[in-house]
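Per-entry structural report
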Amino acid sequence: MICLLPHCAYLSETSRMLELHRALTELGVPVRVTTHGGPHERLLAGIPYDVLGPGLSPARAARFVGSAVGLGDPGQSMYEDDEIRSYVQLEAEYFRAHGVSVAVTGFTLTSLLSSRLAGVRVVTEHAGSFVPPVFERYLPPDRKPAEMDAYTSGFNRVADSLGVQGIPSLAALLLGDLSLVPEVAEVLGVSATELAGWNPDGDPGYRPGSRLAAVGPLFAHLDVPLPDRVQKFLHQPGPTIYLAMTSTPPAQVRAAIASLSALDARILVAGTIHDMVDLATDRILIEGILPSHLVMPQVDLAVTTGGQGSVQTAMASGTPLLGIPLHPEQALNLALVERLGAARAATPTDNLATLAAQLLGSNSPKAAAEHIQKLYAAADGPAEAAELIASF
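What counts, and where the lines are drawn
Residues numbered from 1 in each chain as written. Predicted model: local features only at pLDDT ≥ 70, side-chain atom pairs only at ≥ 80, totals over all residues. Heavy atoms only, no water. Buried < 20%, exposed > 50% of the residue type's maximum accessible area, 1.4 Å probe, protein only. Helix = DSSP H or I, 4+ residues; strand = E, 2+ residues; numbered from the N terminus. Contact = heavy atoms within 4.5 Å. Core = buried A, V, L, I, M, F, W, Y, C linked by side-chain atoms within 4.5 Å. Pairing = 2+ DSSP bridges. Right-handed = clockwise from strand over helix to strand, strands pointing away.

If you look the protein chain up in an unreviewed UniProt entry, it shows as UDP:flavonoid glycosyltransferase YjiC (YdhE family) from Kribbella koreensis.

And the structure:
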């Protein structure tokens, strides 16, 4: 039995697990879904799933996101120790009760310990392209995740108390027994063969046995309707910007809207769980969760924080991207497509309106994004991932 564990504080992780569930179901593979709950749990409504523990309230989910890798204090582990221990034990009991042999996690990091406690193997996808052969090529030599113990302390205290293998580094926090790398080689700059050939080779910064496998792009195709008012907004003349900064503190989203509103362009905002209706004007439309795969082909520029899902949705739509990265994984995703000319990554001192105007005023970013679009069209990431998970 395969068990998917979406972290429902994140729209991206919830939606990727839905893609994997669909692909595994089409293969005829038995699969269960369990989660700690969270604000995006409602997206699971169309499939059977279980909630472990009390369920993440919106406030607890927001605290988790704010304390996560790249945003919170590296000396903590996003959960209190008692939370980690409780979730690890609940997950391990669930795995045993349902005969789970492979757990697939979407940033439900406690599964890195519960899998060891229950004797099951774990597949991860939350590292995205931020895996050793890629980040070693693009990160400065003094920024080696395998030599950083950031965010691991609580997990290791609990691992010691339960007598299971701990997490030796930030890099290991992102990797499972098998880590899916959902990107095409032309964008990564690293071949599938090189990824498959990587191994920890005794490096103490990794857990022994960790392996990588390339699959195609893996991003959301949310089964939610595009409201008529949104479609009418998109059909109006003039340039349109789609701002979708999910899992981002509302103050940062508001700041981005304020900067971009200086442009002579319409702005469609995927506000997700944030209340921002006070910002609405005749040129700014505030919505909740939107099916980005339907929106991005109809806009001239996407603005996101650079999570792999949003980057890939933009590229699959042939839409140039302006990225506002909040942590190194997002910065790497943006660097990969910026290297090919399809995006720009903003720094904290950049004026977003200036960068957006440059992207809108040139044909080159659109052409580069359309080139990547053709590469993506030849791949089926969910199907490739499902085949690997099933064989694993």
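A look at helix 4 (residues 111-118)
Buried residues of helix 4: Ser111, Leu112, Leu113, Ser114 and Ser115, and no others. Packing partners of the buried residues in helix 4 comprise strand 1 (2-6), helix 3 (81-97), strand 4 (102-106), strand 5 (121-124), helix 6 (153-162) and helix 7 (170-173). Phi for Gly119, located one or two positions after helix 4, is positive at around 75°.

Let's talk about the nonpolar core
Side chains of nonpolar character tend, in soluble globular proteins, to be buried together. Ranked by size, the top nonpolar core spans 47 residues in total, and within it Val131, Leu195, Tyr242, Leu268, Leu290, Met315 and Leu321 carry the most contacts. Elements that contribute at least two residues to this core include exactly helix 5 (132-138), helix 8 (185-188), helix 10 (228-234), strand 9 (266-270), helix 13 (308-316), helix 14 (328-339) and helix 16 (364-377). Of the residues forming this core, the biggest block, five residues, is contributed by helix 16. Residue contacts for Leu195: discarding those within four places in its chain leaves Val131, Pro133, Val134, Val181, Leu188, Val190, Leu212 and Ala214. Residues Ala61, Val122, Leu170 and Leu173 belong to the second largest nonpolar core, which totals 28 residues.

Notes on the pairing of strand 8 (residues 240-243)
Covered by surrounding structure in strand 8 are Thr240 and Tyr242 together with Ile241 and Leu243, the residues of both alternating faces. Where strand 8 and strand 9 come together, four bridges link them in parallel fashion. Looking at the pairing, Ile241 lines up with Ile267 of strand 9. Running through helix 11 (residues 250-260), the crossover from strand 8 to the neighbouring parallel element strand 9 is right-handed. Strand direction decides the pairing type here: strand 8 and strand 11 (residues 301-304), joined by three bridges, are parallel. Bridge pairing links Ile241 to Leu301 in strand 11.

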